[in-house]
Amino acid sequence: KAGVTQTPRYLIKTRGQQVTLSCSPISGHRSVSWYQQTPGQGLQFLFEYFSETQRNKGNFPGRFSGRQFSNSRSEMNVSTLELGDSALYLCASSLPGTSGYNEQFFGPGTRLTVL
Amino acid sequence: DAKTTQPTSMDCAEGRAANLPCNHSTISGNEYVYWYRQIHSQGPQYIIHGLKNNETNEMASLIITEDRKSSTLILPHATLRDTAVYYCIVRSSNSGYALNFGKGTSLLVTP
């Protein structure tokens, strides 16, 4: 069974530009979550989508947005990039949760560098 | 979700058991303890989770104290490939899919 895939793996942008990252979940998984990882702040939750609807959102500015398609694939977009947006962006997929069970499967991440 | 406290770093000799502690003194009755790890430059990987009973799987064992205020993740025979940052996360089953990873414990397994 293929794992979570993320594209692109590496990306270099300049300040003010926008970027779109893509995530394909494991087949059959309908929940997709996004995380940002930086050396200073660690792993921080961005948002989670289930059945094309955003169910949870972390404490990030409106420049960070996402969406999910009917095939469960997800994209996240960052507009007006800032230097501080340089990070590893991780996507995780899950089956619809049963009581107390919440194993998330993570992709390898997209390394974004903003110059 | 309850706050967790973990040591910043630990060392373990290869082949020995690695015991990683986690304090979660404010845990409430419906909150589970989850452990994930992140090997350098990879995405986090689920290890194990539990509510109040001890749990074991092919990767590790989870020991939760009777008062549930702390837990220990045990890697019975650590290998060099177990060198990673280990995260203890406490959350309830109805708080969505957001995971609060905290700082974790950086485990170094040495030859």
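Note that the structure is predicted; figures quoted are calculated from it, not measured. (Residues numbered from 1 in each chain as written. Chains lettered and ligands numbered in written order. Predicted model: local features only at pLDDT ≥ 70, side-chain atom pairs only at ≥ 80, totals over all residues. Heavy atoms only, no water.)

Peer 1: Quick rundown of the overall build of chain A? Include the residues and the values.
Peer 2: Each helix and strand counted, chain A has 0 helices and 11 strands in total. In terms of C-alpha radius of gyration, chain A reaches 14 Å, essentially the compact-globule figure of 13 Å for 115 residues. In terms of its C-alpha atoms, chain A occupies a principal-axis envelope of roughly 40 × 25 × 25 Å. Taking all 115 residues of chain A together, the buried fraction comes to 50%. (Helix = DSSP H or I, 4+ residues; strand = E, 2+ residues; numbered from the N terminus. Rg over C-alpha atoms; globule rule 2.2 N^0.38 Å. Buried < 20%, exposed > 50% of the residue type's maximum accessible area, 1.4 Å probe, protein only.)

Peer 1: Can you explain the sheet that holds strand β1 (residues 9–13) of chain B? Please cite residues and give values.
Peer 2: All names here are of chain B. If you trace the 5 strands from one edge of the open sheet to the other, you get β1-β9-β8-β3-β4, paired in mixed fashion. The open sheet has two edge strands, β1 and β4 (45–50), and neither has a second partner. Direction aside, neighbouring strands of the sheet carry axes that sit 25 degrees apart on average. With 5 bridges connecting them, strand β3 (residues 31–38) and β4 associate as antiparallel partners. Following the sheet pairing, Tyr36 is matched in β4 by Tyr46. (Pairing = 2+ DSSP bridges. Axes fitted to C-alpha atoms, helices over the stretch in contact; angles between N-to-C directions.)

Peer 1: Tell me what's going on with the sheet that holds strand β7 (residues 64–68) of chain A, and back it up with residues and numbers.
Peer 2: The strands making up a sheet are joined through hydrogen bonds of the backbone, oriented either antiparallel or parallel. Residue and element names in this part refer to chain A. What the 4 strands build is an open sheet, ordered β1-β3-β8-β7; its pairing is antiparallel. Taken across any chain shown, the strands that pair with only one partner, and hence form the sheet edges, are β1 (5–7) and β7. Averaged over neighbouring strand pairs, the angle between their axes works out to 20 degrees when direction is ignored.

Peer 1: Residue-level account of the pattern of salt bridges, with values.
Peer 2: All names here are of chain A. By the definition in use, this model includes 6 salt bridges over all chains. Across the pair Arg63 and Glu82 runs a salt bridge, and its minimum N-O distance is 3.6 Å. Residue Arg63 is located in the loop between β6 (53–57) and β7, and its partner Glu82 is located in the loop between β8 (74–78) and β9 (87–94); the two are separated by 19 residues in the primary sequence. What makes Glu82 partly exposed here is its relative accessible area of 42%. In this structure, the salt-bridge partner of Glu75 is Arg73, at a minimum N-O distance of 3.3 Å. On the basis of relative accessible area, Arg73 is assigned to the partly exposed category, the value being 25%. Ionic contacts of the salt-bridge type, sharing partners, join the residues Arg63, Glu82 and Asp85 into one network. (Salt bridge = Lys/Arg side-chain N within 4 Å of Asp/Glu carboxyl O.)

Peer 1: I'd love a proper account of the state of the cysteines, names of residues and values included.
Peer 2: A full pass over the atoms with the stated rule returns 2 disulfides over all chains. Here Cys23 of chain A is linked by a disulfide to Cys91 of chain A, with a sulfur-sulfur distance of 1.7 Å. The chirality of the disulfide connecting Cys23 of chain A with Cys91 of chain A is left-handed, given an S-S dihedral of about -55 degrees. Here Cys91 of chain A lies in strand β9 and Cys23 of chain A lies in strand β3 (residues 19–24), a separation of 68 residues in the sequence. With relative accessibility at 0%, the residue Cys23 of chain A sits in the buried group. Note that Cys22 of chain B is cross-linked by a disulfide to Cys88 of chain B, the S-S spacing being 2.1 Å. Measuring the twist about the S-S bond at about -80 degrees, one finds the Cys22 of chain B-Cys88 of chain B disulfide to be left-handed. (Disulfide = S-S within 2.5 Å.)

Peer 1: Before we move on, can you summarise the side chain of Gln6 of chain B with the specific residues and values?
Peer 2: All names here are of chain B. Of note, Gln6 is situated in the segment before β1. Among the polar contacts made by the side chain of Gln6, one reaches the main-chain amide nitrogen of Cys88 at a distance of 2.9 Å. One polar contact links Gln6 to Thr105, side chain to side chain, over a distance of 3.4 Å. Filtering out sequence-adjacent residues up to four positions away, Gln6 remains in contact with Pro21, Cys22, Trp35, Tyr86, Tyr87, Cys88, Gly104 and Thr105. (Polar contact = N/O pair within 3.5 Å; in protein donor to acceptor, adjacent residues only side chain to side chain. Contact = heavy atoms within 4.5 Å.)

Peer 1: Give me the lowdown on unusual backbone geometry, citing residues and values where you can.
Peer 2: Along the chain, Thr7 of chain A connects to Pro8 of chain A via a cis peptide bond; the corresponding omega equals -10 degrees. Note on placement: Pro8 of chain A falls in the loop between β1 and β2 (10–13). Of note in this structure, Ser41 of chain B is not a glycine but carries a positive phi near 70 degrees. Along the chain, Ser41 of chain B turns up in the loop between β3 and β4. Although it is not a glycine, Arg68 of chain B adopts a positive phi angle of roughly 65 degrees.

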